[in-house]
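Structural characterization, general
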Amino acid sequence: MSLHPQPAAAIRAVPATTPFVAPEELARRVGRTSLIRIGANESAFGPSPAAIAAMQAAVPLVSLYGDPESLDLRTALAARHGCKIENIVVGSGVDELLGLICRTYGALGDPVLMSHGSYATFAFQVVGHGLELHTVPPFADGAVDVEAMLARAHEIQPKIVYLANPDNPSGSFIERDAVERLRDGLPADTLFVLDEAYSHFVTSGTLVPDGIDERTIRLHTFSKAYGMAGARIGYALASREAIATFQKIRNHFGVNRTGQIGALAALEDQSFVRNVVAEVARGRDEYHAFGARIGVRTLPSQTNFVCFEIGTRQAAEAMMHALLERGVFVRKPGEPPINGYIRVTVGTPEERALFYEHFTAALDGLRERVS
Ligand SMILES: *Cc1c(COP(=O)(O)O)cnc(C)c1O
């Protein structure tokens, strides 16, 4: 008999993993107080001034709990997406909602399907809830193989199929008809989770139009184009039944008061978002042009980041570390076939200029070490 309280067996069986080491921790590891922060796909262009003002005005009332129904925000979101407030739940970021979805729809050992190497936090939630993760290899550029996903789904009959579109970390995007083919072709009792964290940045493609589908949960966040990652606001669009089920078990006061007030103001400032999207598209083009100029391949992207090819997994890791030593925070895809790339968030023009300088110098350093 053990002498100490033990976690439940299912939790004891979970391997100790951290989906991401935070830039604060990375800075501490290299003895710096700050880094050029182009690794977590946070917005370099900040939140809307209207959102900042609303949050500043709200701070003195932080002694109060927020509205657990997030009614003002949901009302504005419902108008924006052409649905009812009963079709929306707000959470402390998409990451929390991914956990809620796993908890709600999966029982211990249930199969769940995603594209191999796609969003690490989803995989983390699946494993942490004792569900069984199955993956399908993506194409060589990291893009999701829809036909292979469908075939696998019919083989394993998953409870949940997850698709990030646009995808993180590849940056690839699947056109509307392929997404609908996947959604409509799944087994009848499979839940389709469509994570659209980067949907604002799709500038040459067609998204699935708004609309509630009984078997789909769509996820959106204020962390990317709205520039409010630290406010922790995300939301899910789904059937009334799904939302009512979440209502039974979600963390009711988990959405912070200041954050939801800021998100509402941000939502009302769409011209700011359009500007951010245009800035990001410019920065993305610049990254591709920089890669072409120095002979480094980049992956097509419909997001606020671009992947640069370094070589082997070891070479990409060495590059990530060399950049960190120089005070530049980037990340890299963890899984093949794109684990020889580094993933770089679109920074401000100044951050981009510094990145080019450090990247070129770090690349020279790596080449010297190899030769
Ligand atoms: C950044 C990101 C999110 C956002 O998560 P939040 O918890 O809302 O900050 C969700 N999904 C993907 C694929 C992402 O890259």
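Everything below is about the structure printed above this text.
Residues numbered from 1 in each chain as written. Predicted model: local features only at pLDDT ≥ 70, side-chain atom pairs only at ≥ 80, totals over all residues. Heavy atoms only, no water.

A word on the packing of aromatic side chains
Within this structure, the stated rule accounts for 18 aromatic pairs. Note on Tyr198 and Phe305: the rings are 5.4 Å apart at their centroids and 80° apart in plane angle, and the pair reads as edge-to-face. Taken together, the residues span a long stretch of sequence, with Tyr198 in the loop between strand 6 (191-195) and strand 7 (216-221) and Phe305 in strand 9 (residues 305-309) at a distance of 107 residues. Neither Tyr198 nor Phe305 differs from the other in exposure class; each is buried. (Phe/Tyr/Trp six-rings, centres within 6.5 Å; stacked < 30°, edge-to-face > 60°. Helix = DSSP H or I, 4+ residues; strand = E, 2+ residues; numbered from the N terminus. Buried < 20%, exposed > 50% of the residue type's maximum accessible area, 1.4 Å probe, protein only.)

Brief notes about the pairing of strand 9
Among the 5 residues in strand 9, 4 count as buried, and that is most of the element. Sheet topology places strand 9 next to strand 11 (residues 341-345); 5 bridges connect them, and they run antiparallel. Looking at strand 11, one finds that Glu309 is bridged to Tyr341. (Pairing = 2+ DSSP bridges.)

Regarding the nonpolar core
Formed by 55 residues in total, the largest nonpolar core has its most connected members in Phe222, Ile342, Phe355 and Phe359. Counting residues per element, this core draws most heavily on helix 11 (residues 270-294), which supplies 7 residues. Ignoring any residue separated from it by four or fewer positions in sequence, one finds Phe359 in contact with Phe290, Ile294, Val296, Ile310, Met319, Leu323 and Ile342. (Core = buried A, V, L, I, M, F, W, Y, C linked by side-chain atoms within 4.5 Å. Contact = heavy atoms within 4.5 Å.)

Thoughts on the side chain of Lys332
Mapping Lys332 onto the fold places it in the loop between strand 10 (328-329) and strand 11. A polar contact of 2.9 Å, which involves the side chain of Lys332, links it to the backbone oxygen of Asn339. If we ignore the near neighbours within four places in the chain, the residues touching Lys332 are Arg313, Ala316, Glu317, Met320, Asn339, Tyr341, Ile342 and Arg343. (Polar contact = N/O pair within 3.5 Å; in protein donor to acceptor, adjacent residues only side chain to side chain.)

Describing the site of the ligand
Close to the ligand lie 13 residues; Asp195, Tyr198, Thr221, Ser223 and Lys224 are nearest. Separating an oxygen atom of the ligand from a side-chain N or O atom of Asn168 is a distance of 2.8 Å. Contact distances for the ligand include 2.6 Å between an oxygen atom and a side-chain N or O atom of Thr221. Out of a free accessible area of 390 Å², the ligand has 94% covered by protein chains. (Near = heavy atom within 4 Å. Areas by Shrake-Rupley, 256 points an atom, 1.4 Å probe, with all protein chains shown as cover.)

Section: the environment of Asp269
Within the secondary structure, Asp269 is located in the loop between helix 10 (257-267) and helix 11. Residue classification places Asp269 among the buried residues on the basis of a relative accessible area of 17%. On a C-alpha basis, the gap between Asp269 and Ala50 in space is 7.1 Å, while along the polypeptide they are 219 residues apart. Setting aside residues no more than four positions away along its own chain, Asp269 makes contact with Ser48, Pro49 and Ala50.

Some details on unusual backbone geometry
That bond from Asn168 to Pro169 is cis: its omega, 15°, falls within 30 degrees of zero. Turning to its location among the elements, Pro169 is positioned in the loop between strand 5 (160-164) and helix 8 (176-185). For the bond running from Pro336 to Pro337, omega is 10°, close enough to zero to count as cis. Here Pro337 shows up in the loop between strand 10 and strand 11. The phi dihedral of Gln157 is positive, around 50°, even though this residue is not glycine. Under the relative-accessibility criterion, Gln157 is labelled partly exposed at 43%. In this structure, Arg232 is a non-glycine residue whose phi angle is positive, near 55°.

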